Amino acid sequence: IKEEWSFILECRNKGIPQSIYLRNGFVDTKLEISDTFQRNSAISKQSSCKDEKPEKSKFIFNLYGSEWQELPDNLREQTYLKEWHIHKTLIHTIPGYIQMFEDMKILDMAQNKITCLPPEIGCLRNLRELNVSFNNLKDIPPELGDCENLGKLDISGNLELTELPFELSNLKKVTFVDLSANKFSSIPICVLRMSSLQWLDISRNNLKDLPQDIDRLEELETLLMQKNIITYLPLELTNLSHLKLLVVSGDKLVEIPSALEENPSLKYVKLLDNPLEGNEILDIENEEENNQDREQFEKEFMKSYIKDLVARGKVHKISMYLGVHFHLCTVFSNWARN
């Protein structure tokens, strides 16, 4: 399944129609990804934005690959940059000189080895997006709350995060927060103070219940909570008039407000996701890395699966039961076929 899924993601990233590689409804991973379609697509894109692409790219810094253990020295001189995209390196620190990048709008440093964020990050007052997912963060600096224009925050997949500083309550423009695959035992108070929040993913944590004042999130449209240990959903959820998608785990869920299930404008997805016994990780030395790989794989799959559900505009209420190690194969095959 993982091999097929990786193949599909590669097709998507290169802009190649997935249908080219389908054989009897399944993806044939033995075929090589064709460069022809990608080359033609790239040429057409170049011709359509030939003039603006060079102008835009000079403000973007890209870095990729495990050969990088630290940022290049000359980066500190390029303070005009507006975007950093640094992926899958062995870099473990973000230097303090990042405060000099006053025009920074996107800081995308997913899948590295970052252990902490510098307090100087609070100087990035124009920052719009911060993605530090799937690193080794154990805490978030309170200075991040000074990034008053932040609209998207992704700190998923760090596995050890248990709390967020209250100072993040100042992020009043945030509309997207992803806290999945960490160790939160409750929704952080600061998140409940983010009055513009529309998307909250707190799946794959240690949540036992939801706060009674969750209805403070008046603009919330999407709430993902699968793979927690929640036993009931509070009645206050029914006060979220903008809520359009709710995803929960049904394993331990015994109490659900009837108004949620009967709401015609709400897509309600209930997943049975207890893993089968005996599927343990055997390589103890690489357990943390394997955990991150598995969490990232499940996150990508669920992201596309839920996106597919949302696209079915005629479906008002959905109740599905998935065992992630068994039924996932059937679901994946059906999704790939569609």
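Quick notes on the rules
- Residues numbered from 1 in each chain as written.
- Predicted model: local features only at pLDDT ≥ 70, side-chain atom pairs only at ≥ 80, totals over all residues.
- Heavy atoms only, no water.
- Helix = DSSP H or I, 4+ residues; strand = E, 2+ residues; numbered from the N terminus.
- Buried < 20%, exposed > 50% of the residue type's maximum accessible area, 1.4 Å probe, protein only.
- Contact = heavy atoms within 4.5 Å.
- Areas by Shrake-Rupley, 256 points an atom, 1.4 Å probe, with all protein chains shown as cover.
- Pairing = 2+ DSSP bridges.
- Axes fitted to C-alpha atoms, helices over the stretch in contact; angles between N-to-C directions.
- Patch = residues over 30% accessible without salt bridge, like charges linked within 9 Å, V, L, I, M, F, W, Y side chains within 5 Å.
- Salt bridge = Lys/Arg side-chain N within 4 Å of Asp/Glu carboxyl O.
- Lys, Arg positive; Asp, Glu negative; His and termini not counted.
- Charge placed at Lys NZ, Arg CZ, Asp CG, Glu CD.
- Phe/Tyr/Trp six-rings, centres within 6.5 Å; stacked < 30°, edge-to-face > 60°.
- Lys NZ or Arg CZ within 6 Å of the ring centre and 35° of its normal.

The name an unreviewed UniProt entry gives the chain is Leucine rich repeat containing 2, with Eleutherodactylus coqui as the organism.

(A) Quick look at the overall build of the chain. Counting secondary structure elements, the chain contains 7 helices and 12 strands. Per-residue burial over the chain gives 45% buried out of 338 residues. Restricting the contact set of the chain to residue pairs at least 6 apart, pairs at least 24 apart contribute 37%. Of the roughly 18100 Å² of accessible surface on the chain, a fraction of 48% belongs to carbon and sulfur atoms.

(B) Seen up close, the sheet that holds strand β8 (residues 176–178). With respect to topology, 10 strands assemble into an open sheet ordered β3-β4-β5-β6-β7-β8-β9-β10-β11-β12, the strand pairing being parallel. Looking at which strands have only one partner, the edges of the open sheet turn out to be β3 (60–64) and β12 (267–271). Strand-to-strand twist of the sheet, defined as the mean angle between neighbouring strand axes without regard to direction, takes the value 5°. Judged from the 5 bridges that link them, β3 and strand β4 (residues 83–87) form a sheet pairing that is parallel.

(C) Geometry of the side chain of Ser169. Tracing the backbone through its elements, the reader meets Ser169 in the loop between β7 (152–154) and β8. Setting aside residues up to four positions removed in sequence, Ser169 forms contacts with Cys190 and Arg193.

(D) Layout of a positive patch on the surface. The grouping of Lys82, Lys105, Arg128 and Lys173 at the surface amounts to a positive patch. Within the fold, Lys82 resides in the loop between β3 and β4. By relative accessible area, which is 30% here, Lys82 ends up partly exposed.

(E) Region of interest: a negative patch on the surface. Taken together, the side chains of Glu143, Asp146, Glu148 and Glu167 present a region of like negative charge at the surface. Structurally, Glu143 is set in the loop between β6 (129–131) and β7. When its relative accessible area of 30% is taken as the criterion, Glu143 is described as partly exposed.

(F) Local environment of the packing of aromatic side chains. According to the stated counting rule, one finds 5 aromatic pairs in the structure shown. When the ring of Phe176 is compared with that of Trp199, the centres are 5.6 Å apart and the planes differ by 20°; the resulting orientation is stacked. Taken together, the residues Phe176 in strand β8 and Trp199 in strand β9 (residues 199–201) connect sequence positions 23 residues apart. Judged by relative accessible area, which is 27%, Trp199 ranks as partly exposed. Counting every residue linked through ring pairs, the aromatic cluster contains Phe61, Trp84, Tyr97 and Phe101. Above the face of the Phe59 ring, Lys82 is positioned so that its terminal group lies 4.9 Å from the ring centre. If you follow Lys152 out to its NZ or CZ, it ends over the ring of Phe176, 4.9 Å from the centre.

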